[in-house]
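# Inside the fold
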Amino acid sequence: MLEEPEAKRARFITFEGGEGVGKSTQVKRLLQNLQNYSIEAVRTREPGGTAKAEAIRSFILQGRSESWGAGAEAVLFAAARLDHVTQLIAPNLRNGTWVISDRFHDSTRAYQGLTGGVDDKLIAGLEVLALDGNTPDLTIVLDMDPEIAFKRVAQRAIEDGLALTGDRFEKEEIEWHKRLREGFLQIARDNPERCVVISAEQAEDVLEATIWEAVSERFPELQGRADA
Ligand SMILES: Nc1ncnc2c1ncn2[C@@H]1O[C@H](COP(=O)(O)OP(=O)(O)O)[C@@H](O)[C@H]1O
Ligand SMILES: Cc1cn([C@H]2C[C@H](O)[C@@H](COP(=O)(O)OP(=O)(O)O)O2)c(=O)[nH]c1=O
């Protein structure tokens, strides 16, 4: 009998945390580090990642669904995620390409669930639909005081000569952002096998090295691989 070829084992990594903690910066750096180790990998983001999901992203972030309430928004984020998973995430993982996503289902848990008040059972049901079994192998929760994160974002806007307008979630009060931070820490405590909390109050290079250590510790296939 012919042996089945061993399936290529691709990993799914997500980054989570509040606004301006450095997720996009570190997603790019991790992608580069994986590629330096000859790992095929792509980066993506939520909401978004596919044309349909990006359309839903614009609709929500412009504030057009705000009056619909957190429950309806949870449904919209889930609809975007379903397309993202079926069209981009799952096919890449099946082909052996690692996927790194800037936000994923924990953002719905934290924003619409823990701070938005949407019932756990609704959130859990939407996850069954949208994830279709594609739970991340590792979630890196970048944690920091939201006041410091805001200063970073404001500083960059000044340097770029831009007005600090913000999307609709960025405009929430600081107390709300503190509750959001606690929400992500709670998710990490509830899912210790999947989540690693890393302090984001470190210089970009130092944070990059801490993340690389966490990723390479988690996945044996990265150990002993030569830096290409
Ligand atoms: N470790 C860091 N230290 C200082 N500033 C940072 C760090 N990481 C990112 N930044 C800056 O902070 C701002 C937000 O970073 P970004 O990666 O866009 O965060 P997020 O994706 O979490 O919103 C950007 O201006 C970025 O250049
Ligand atoms: C994926 C997702 C994002 N969001 C929010 C979080 C952010 O405020 C916004 C995404 O905007 P984005 O500009 O990507 O935020 P950031 O740079 O901080 O990551 O959408 C939810 O409320 N629920 C979700 O499920």
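Taking an unreviewed UniProt entry as the reference, the protein chain is identified by name as Thymidylate kinase belonging to Devosia epidermidihirudinis. What UniProt records for the protein chain under Sequence similarities (unreviewed entry) is the sentence "Belongs to the thymidylate kinase family." Listed under Catalytic activity (unreviewed entry) in UniProt, the entry text for the protein chain is "dTMP + ATP = dTDP + ADP".

### Thoughts on the confidence of the model for the protein chain
Low pLDDT marks stretches whose predicted atomic positions should not be read closely. For the protein chain, per-residue confidence averages 92 on the pLDDT scale, and residues scoring 70 or more make up 90% of the total. Overall fold confidence for the complex sits at a pTM of 0.94, while the interface term, ipTM, reaches 0.98.

### As for the nonpolar core
The biggest cluster of nonpolar side chains holds 38 residues, and the ones touching the most others in it are L30, A74, I100, A110, I140, L142 and I211. The leading source of residues in this core is helix α3 (residues 70-94), at six residues. Contact partners of A74, with chain neighbours within four places excluded, come to T108, Q112, V118, L122, I123 and L126.

### A short note on the site of ligand 1
Neighbouring ligand 1 are 14 residues, the closest being G22, K23, S24, T25 and R156. Those elements that place two or more of their residues in the shell around ligand 1 are α1 (23-36), α6 (146-159) and α8 (204-218). Split by residue class, the shell around ligand 1 holds four nonpolar, five polar and five charged.

### Focus on unusual backbone geometry
At the junction of E46 and P47, the peptide bond is cis and its omega measures out at -10° in the coordinates. Structurally, P47 is set in the loop between β2 (41-45) and α2 (51-61). Its identity is not glycine, yet S38 carries a phi of approximately 60°, on the positive side. Locating S38 in the fold gives a position in the loop between α1 and β2. The phi dihedral of D132 falls on the positive side, at around 50°, and the residue is not glycine. With 14 C-beta atoms counted inside 10 Å, the residue D132 sits in the partly exposed group.

### Focus: the sheet that holds strand β1 (residues 12-16)
Paired through their backbone hydrogen bonds, the strands of a sheet run either parallel or antiparallel. Strand order across the open sheet formed by five strands is β2-β3-β1-β4-β5, with parallel pairing between neighbours. Of all strands in the sheet, those bounded by a partner on one side alone are β2 and β5 (195-199). Neighbour-to-neighbour, the strand axes of this sheet turn through a mean angle of 20°, independent of strand direction. Pairing of β2 with strand β3 (residues 98-102) involves five bridges; the strand directions are parallel.

### Points about helix α4 (residues 105-114)
Counting buried positions along α4 gives 10 out of 10 residues, so the element sits mostly inside the fold. Every buried residue belonging to α4 is among H105, D106, S107, T108, R109, A110, Y111, Q112, G113 and L114, and all of these are buried. Buried-residue contacts for α4 involve β1, α3, α5 (120-131), β4 (138-143) and α7 (174-190).

### As for the UniProt feature "binding site: ATP" (unreviewed entry) in the protein chain
According to UniProt, the feature "binding site: ATP" (unreviewed entry) maps to G17, G18, E19, G20, V21, G22, K23 and S24 in the numbering used here. Relative to the elements of secondary structure, E19 occurs in the loop between β1 and α1. Turning to its location among the elements, G22 is positioned in the loop between β1 and α1. The exposure class of G22 is buried, given the 22 C-beta atoms found within 10 Å.

### Topic: the packing of α3 against α4
Between α3 and α4, whose axes approach to 10 Å, the crossing angle comes to 175°. What the angle tells us is that α3 and α4 run roughly antiparallel. Every residue of α4 that contacts α3 at A70, E73, A74, F77, A78 and R81 is listed here: H105, T108 and Q112. Residue composition of the contact of α3 with α4, by class: four nonpolar, three polar and two charged.

### Describing the pairing of β1
The buried fraction of β1 is high, at five of five residues. Across the two faces of β1 the burial is the same, with F12, T14 and E16 and I13 and F15 all buried. Relative to β3, β1 runs parallel, the two sharing four bridges. Note on β3: the bridge partner recorded for F15 is D102. Here β1 runs beside β4; their pairing, made up of four bridges, is parallel. Bridge assignment links I13 to a residue of β4, and that residue is L138.

So, how was this worked out
- Residues numbered from 1 in each chain as written.
- Chains lettered and ligands numbered in written order.
- Predicted model: local features only at pLDDT ≥ 70, side-chain atom pairs only at ≥ 80, totals over all residues.
- UniProt positions renumbered as here; feature names shortened; annotations may be inferred.
- pLDDT = per-residue confidence, 0-100.
- Core = buried A, V, L, I, M, F, W, Y, C linked by C-beta atoms within 7 Å.
- Buried ≥ 20, exposed ≤ 12 C-beta atoms within 10 Å, placed from the backbone.
- Helix = DSSP H or I, 4+ residues; strand = E, 2+ residues; numbered from the N terminus.
- Contact = placed C-beta atoms within 7 Å.
- Near = placed C-beta within 6 Å.
- Nonpolar A, V, L, I, M, F, W, Y, C, P; charged D, E, K, R; others polar.
- Pairing = 2+ DSSP bridges.
- Axes fitted to C-alpha atoms, helices over the stretch in contact; angles between N-to-C directions.
- Parallel < 35°, antiparallel > 145°, perpendicular 65-115°, else oblique.

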